[in-house]
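For reference, the chains in residue letters:
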Amino acid sequence: GHRRDLHLKGAGRTPFARAGDGKAPLGPMLREAVIGESLHALGIPTTRALAVVSTGEMVRPRRGITPEPGAMLTRVAASHLRVGTFEYAAWHLGPEVLRALADHAIERHHPDARGAGSPHLELLRRVSEAQAQLVAQWMLVGFVHGVMNTDNMTISGQGIDYGPCAFLDDHRSRAVFSSIDHQGRYAYGNQPGIALWNLSRFAETLLPLIAPEHPEAGIEAATEVLQGYEPAYLEAWTRGMAVKLGIPLAAGTGGAAQGNERLSAVRALGEDLLALLESHRIDHTRFFRALTEGTAGALFTDPAAYVAWNRRRDELRGSGSAAHEAVAAMECANPVHIPRNIHLENALRSAHLGDLSGVETILEAVTHPYAVSYTH
């Protein structure tokens, strides 16, 4: 009952290829397949690869000078409507096409927005909320997209187009995985802010539709929606961090005020933890799994700072059935298996030479991210 788009990546030149040949090497197509399946298994909205097919030709390399085996990826997505789609329509195709595109996006992804006083403003709100949720999930698992331009932000809220992406090893807010991102624009820690920048570009394309007769009112309304992105992101991140830390968030007798105070405490605890991991050069995924298993202290050569932090966590966690349930939930929030970059790169090099066994092993493992006893 769900509508899906299919897209061929690497099939050749298109009207949007900007003088490129539209061909793709095998390695990047396999990387996108593995990353998409890993994120899907982690419960994070994502496009997926239906297939990667060798083309039998050698193509121009992305790096180096030696031609590489060519391939095509068949991508499955809720749709391929992106912020860049709206920019293209706004810049080149005129207001009628832009309105038709926006109405189609509402019908396709956010049909409840049709009943709003301003459906196109509500579209902006829905996309902003979806992206806040998505980026929060990326940050929690330590995923770095690598190239978060407007062509790589969907209207549906799915992640898309996994090129120079990776999961963190040591936790580093400045971690970058794109060879051309010399300034760190798309670094791990910049992702929430870059998402807001992209959403601002989306808002600009929608302004002629939000309040065509009153441009200033449209700008004010869109700005108000965009101002809601950061609180939505922070709440999603904080609630997700509470699950990863095994801290229950259900409000007690104090009601909403006490719940908000508890959220603030968890947020501060989580932010202090990430600073601790960075200063001690602790592996992001390994720490959270060790925390789940009660062995996180062993990762620190000087555990004093961790002990002090964990004491604060224990105070927030409390005791009783809610605390026990929250600890149990950590098992399905902190993965054992991620596609670590060093192993994935090695597997892709072998695939280049015709051996797919390494890619197949990683793909099988990351589709069972929480299985402690899983072996291939």
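Residues numbered from 1 in each chain as written. Predicted model: local features only at pLDDT ≥ 70, side-chain atom pairs only at ≥ 80, totals over all residues. Heavy atoms only, no water.

### As for the packing of helix α3 (residues 95-109) against helix α4 (residues 119-141)
To keep it simple, the criterion reads: All axes are obtained by fitting lines to C-alpha atoms, using only the stretch in contact for helices, and the reported angles, taken between N-to-C directions, cover 0 to 180 degrees. Helix and strand assignments follow DSSP, with helices taken as H or I runs no shorter than four residues and strands as E runs no shorter than two, numbered in order from the N terminus. For classification purposes, an angle smaller than 35 degrees is called roughly parallel, one larger than 145 roughly antiparallel, one from 65 to 115 roughly perpendicular, and anything else oblique. For any pair of crossing helices, the crossing counts as left-handed if the nearer helix is rotated counterclockwise from the farther one by less than a right angle, and right-handed if it is rotated clockwise. Contacts are residue-level and defined by heavy atoms, with any inter-residue pair within 4.5 Å sufficient.
Two elements in contact, α3 and α4, have axes whose closest approach is 10 Å; the angle formed by their N-to-C orientations is 55°. The orientation of α3 with respect to α4, classified from their angle, is oblique. The chirality of how α3 crosses α4 is left-handed. Taken together, the residues of α4 that come into contact with α3 (itself represented by Arg 99, Ala 102, Asp 103, Ala 105 and Ile 106) are Pro 119, His 120 and Leu 123.

### Observations regarding the packing of helix α1 (residues 26-41) against helix α12 (residues 341-352)
In plain terms, the rule: Any residue that is not Ala, Val, Leu, Ile, Met, Phe, Trp, Tyr, Cys, Pro, Asp, Glu, Lys or Arg is counted as polar, Gly included; the first ten are nonpolar and the last four charged.
Following both chains from N to C, one finds α1 and α12 inclined at 135°, their axes separated by 9 Å at the closest point. As judged from the angle between their axes, α1 and α12 are oblique. Here α1 and α12 pass one another in a crossing that is right-handed. Seen from α1, the contacting residues are Leu 26, Gly 27, Leu 30, Arg 31, Val 34 and Ile 35; seen from α12, they are Asn 341, Leu 344, Glu 345, Leu 348 and Ala 351. A per-class count over the contact of α1 with α12 returns seven nonpolar, two polar and two charged.

### Re helix α13 (residues 357-366)
Our working rule: When a residue's accessible area, from a 1.4 Å probe over protein chains only, is under 20% of the maximum for its type it is buried; when over 50% it is exposed; and in between it is partly exposed. In this context, the arc is that of the directions from the helix axis out to the C-beta atoms.
Of the residues making up α13, those classed as buried are Val 359, Ile 362, Ala 365 and Val 366. Projected onto a plane normal to the axis of α13, the buried residues spread over an arc of 130° and lie on a single side. The secondary structure elements touched by the buried residues of α13 are α1 and α12.

### Some thoughts on the pattern of salt bridges
Where we set the bar: For this document, the term salt bridge refers to a Lys or Arg side-chain nitrogen within 4 Å of an Asp or Glu carboxyl oxygen.
The tally for this structure, following the rule as stated, stands at 22 salt bridges. The salt bridge involving Arg 75 is made with Glu 32; its shortest N-O contact spans 3.0 Å. Note that Arg 75 is positioned in strand β3 (residues 68-77) and Glu 32 in helix α1, a separation of 43 residues in sequence. Side by side, Arg 75 and Glu 32 carry an identical accessibility label, which is buried.

### Some details on a nonpolar patch on the surface
Defined as follows: Within this analysis, patches are made of residues with over 30% relative accessible area and no salt bridge. Like charges are joined at 9 Å or less; nonpolar side chains (Val, Leu, Ile, Met, Phe, Trp, Tyr) at 5 Å or less. For the accessible areas, the method is Shrake-Rupley and the probe is 1.4 Å, while residue cover comes only from the protein chains on display.
On the surface, a cluster of nonpolar side chains totalling about 360 Å² of accessible area is made up of Phe 16, Tyr 88, Leu 93 and Val 97. Turning to its location among the elements, Phe 16 is positioned in the loop between β1 (5-9) and α1.

### A look at empty space enclosed by the protein
Just so we agree on the cut-off: Put plainly, a pocket is an open set of points on a 1 Å grid over the protein atoms alone with protein on both sides within 12 Å along at least five of seven lines, a cavity is a set where a 1.4 Å probe fits but cannot get out, and a lining residue has an atom within 4 Å of a point. Grid points are joined across faces, edges and corners, and a volume is the space filled by probe spheres set on the points.
For the structure on display, the rule yields one cavity of 30 Å³ or more. Of the volumes computed, that of the largest cavity is approximately 50 Å³. Every residue along the wall of the largest cavity is listed here: Gln 131, Leu 134, Trp 138, Met 148, Asn 152, Met 153, Thr 154, Gln 158, Gly 159, Ile 160 and Asn 198. Ranked by residues supplied to the lining of the largest cavity, first place goes to α4 with three residues. Its residues assigned to classes, the lining of the largest cavity shows five nonpolar, six polar and no charged.

### Observations concerning α3
Stated formally: Multiply 1.5 Å by the residue count of a helix minus one, and that product is the helix's expected span.
Between the first and last C-alpha of α3 there are 21 Å, a value that for 15 residues agrees with the 21 Å anticipated at 1.5 Å per step. For α3, the set of buried residues is Leu 98, Leu 101, Ala 102, Ala 105, Ile 106, Arg 108 and His 109. Where α3 is buried, its residues touch β1, α2 (83-93), α4 and α5 (191-210).

### Considering the environment of Ser 79
Basically, it comes down to this: Whenever a nitrogen or oxygen atom comes within 3.5 Å of another N or O atom, the pair is scored as a polar contact, on the condition that within protein one atom can donate a hydrogen and the other can accept it, and that pairs from neighbouring residues in sequence are kept only if both atoms are in side chains.
Relative to the helices and strands, Ser 79 is located in the loop between β3 and α2. Classification of Ser 79 by relative accessible area gives buried; the value is 0%. A C-alpha to C-alpha distance of 9.2 Å links Ser 79 and Ala 105, two positions 26 residues apart in sequence. Non-local contacts of Ser 79, meaning those with residues more than four positions away in its chain, are made with Asp 5, Arg 108 and His 109. Side-chain polar atoms of Ser 79 contact the backbone nitrogen of Leu 81, separated by 3.1 Å. In terms of polar contacts, Ser 79 uses its side chain to reach the side chain of His 109, at 2.6 Å.

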